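# Residue-level structural notes
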Amino acid sequence: MKKTTCIAVASLLIGAAALPALAKGPVVNHAISESEVLAAQQAWCKALIDISNANTSGGQAAAKALAEKVIDSAYGYQMGAVLFKPTLTEVPQTFRVTREGALSYFVGGNPAFPKDTGFALKGWTKCEIANSAVFIAGDSANTMGNVMFTGKDGKVTTVDKTWAFVKDDAGKLRIVVHHSSLPFTGN
């Protein structure tokens, strides 16, 4: 056997011996499943109702404390700007790329956002999601469809909703895009 062939064979054997050791290390998989996306959407709906109930039972301060926890666990503000366009905002504060802006939208009370009255404080009793489609591409997922909110008077408000999700470094699904608008009625 030639010396170069022996070196090549030895290199392959050493490399092959190292492969099982590499496979035993930690595996990070940020792939997102449909069940994770649907669970995140349901958790968002539940959180909205919980914030509304916290407002009813403990006032705006209780609702704000809960909303802060919800935003910190559901949205990706700790990762950077979140592309959040809530339903009932207007120029010059239409877009809420900061945690402060999102919190104000949900519970109001922030003089920097004087038109916010607190979307989550409106007495919602039910929240349902009807996805038109869910698109998952490995480590990101997008949804588009309707969300129906039932008020304490029984009236249902439907909004068009688009969400984008990614996983953070701990593997927790985070909302990084949240666009919501009232459906176009043609008027």
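Because the structure is a prediction, the values reported are computed rather than measured.

What counts and how
Along every chain, residues carry numbers that run from 1 in the direction the sequence is written. Note on the predicted model: pLDDT of at least 70 is required for a residue's local features to be given, and 80 or more for side-chain atom pairs to be given and counted; whole-chain, interface and lining totals, by contrast, use all residues. Hydrogen atoms and water are omitted, and side-chain values are computed over all heavy atoms in the structure. Note on definitions: salt bridges are taken to be side-chain nitrogens of Lys or Arg within 4 Å of carboxyl oxygens of Asp or Glu. We count a stretch as a helix when DSSP gives it H or I for four or more residues in a row; a strand needs E for two or more, and each element gets its number in order from the N terminus. Being paired, for any two strands, means DSSP has found at least two bridges between them. Angular values range over 0 to 180 degrees, each being the angle between N-to-C directions of two axes fitted as lines to C-alpha atoms, with helices fitted over their stretch in contact. Two residues qualify as a contact provided that any one of their heavy atoms is within 4.5 Å of a heavy atom in the partner residue. Pairing of aromatic rings covers Phe, Tyr and Trp, the last counted by its six-membered ring, and requires centre-to-centre distances within 6.5 Å; plane angles under 30 degrees mean stacked, over 60 mean edge-to-face, and any other angle means tilted. Relative accessibility thresholds used throughout: buried, under 20% of the residue-type maximum; exposed, over 50%; partly exposed, between the two (1.4 Å probe, protein chains only). Should an angle lie under 35 degrees it is considered roughly parallel, over 145 roughly antiparallel, and from 65 to 115 roughly perpendicular; all remaining angles are considered oblique. Charged residues are taken to be Asp, Glu, Lys and Arg, nonpolar residues to be Ala, Val, Leu, Ile, Met, Phe, Trp, Tyr, Cys and Pro, and polar residues to be all remaining types, Gly included. Side-chain atoms within 4.5 Å link the members of a nonpolar core, which is a set of buried Ala, Val, Leu, Ile, Met, Phe, Trp, Tyr and Cys residues. Note that a disulfide, as used here, is simply two cysteine sulfur atoms within 2.5 Å.

Tallied over the entire structure, the rule returns 7 salt bridges. Put simply, Glu 36 and Lys 167 hold a salt bridge, and the shortest N to O gap is 3.0 Å. Of this pair, Glu 36 sits in helix 2 (residues 34-74) while Lys 167 sits in strand 4 (residues 156-167), and the two are 131 residues apart along the sequence. Here Asp 72 makes a salt bridge to Arg 99, at a shortest N to O gap of 2.6 Å. Pair noted here: Asp 72 is in helix 2 and Arg 99 is in helix 3 (residues 99-107), with a separation of 27 residues, a long-range link.

Time to look at the sheet that holds strand 5 (residues 173-181). If you trace the 5 strands from one edge of the open sheet to the other, you get 1-5-4-3-2, paired in mixed fashion. With one partner strand each, in any of the chains shown, strand 1 (83-85) and strand 2 (126-137) form the two edges of the open sheet. Pairwise comparison of adjacent strand axes, ignoring direction, gives a mean angle of 25° for this sheet. Here 11 bridges tie strand 3 (residues 140-150) to strand 4, and the two strands are oriented antiparallel to one another. Across the sheet, the residue bridging to Asn 142 is Ala 164, located in strand 4. Running at roughly 145° to strand 2, helix 2 makes contact with strand 2, strand 3, strand 4 and strand 5 of the sheet.

In this section: the environment of Gly 118. Looking at where Gly 118 falls in the secondary structure, it is placed in the loop between helix 3 and strand 2. With 15 residues separating them in the primary sequence, Gly 118 and Leu 103 have C-alpha atoms 8.7 Å apart. Gly 118 has contacts with Tyr 105, Phe 106, Val 107 and Gly 108, leaving out every residue within four places of it along the chain.

Our next topic: the packing of aromatic side chains. Applying the stated criterion across every chain, the model contains 14 aromatic pairs. An angle of 35° between the planes, with centres 5.7 Å apart, marks the rings of Tyr 75 and Phe 84 as tilted. Here the two residues Tyr 75 and Phe 84 agree in accessibility, since each one is buried. A connected cluster of aromatic rings, assembled from ring pairs, spans Trp 44, Tyr 75, Tyr 77, Phe 84, Tyr 105, Phe 106, Phe 119, Trp 124, Phe 149, Trp 163 and Phe 165.

Attention shifts here to the packing of helix 2 against helix 3. It is at 13 Å that the axes of helix 2 and helix 3 come closest, and there the two elements cross at 50°. It follows from the interaxial angle that helix 2 and helix 3 lie oblique. When helix 2 is examined against helix 3, the residues Trp 44, Leu 48, Ile 51, Gln 60, Ala 63, Lys 64, Ala 67, Glu 68, Ile 71 and Asp 72 are found in contact with a partner set consisting of Arg 99, Ala 102, Leu 103, Phe 106 and Val 107. Grouping the constituent residues of the contact of helix 2 with helix 3 by class yields 10 nonpolar, 1 polar and 4 charged.

We now examine the pairing of strand 3. Relative to strand 3, strand 2 runs antiparallel, the two sharing 11 bridges. Residue Asn 131 lies in a different strand from strand 3, and its bridge partner there is Gly 145. Between the end of strand 2 and the start of strand 3, which pair antiparallel, lie 2 residues, with Gly 138 showing a positive phi angle near 65°. If you look at the hairpin formed by strand 3 and strand 4, you'll find 5 residues sitting between the two strands, and Gly 154 has a positive phi there, around 90°.

Within the largest apolar cluster, 37 residues are counted, with the highest numbers of intra-cluster contacts made by Trp 44, Tyr 75, Phe 106 and Phe 149. Listed by contribution, the elements that provide at least two residues to this core are helix 2, helix 3, strand 2, strand 3, strand 4 and strand 5. The biggest single contributor to this core is helix 2, with 13 residues.

We now examine the state of the cysteines. Under the definition given, this model contains 1 disulfide. Here Cys 45 pairs with Cys 127 through a disulfide, and the sulfurs are 2.0 Å apart. Disulfide Cys 45-Cys 127: torsion about the S-S bond near -50°, hence left-handed. Pair noted here: Cys 45 is in helix 2 and Cys 127 is in strand 2, with a separation of 82 residues, a long-range link.

Interpretation note: all reported values are geometric properties and have no functional meaning in isolation.
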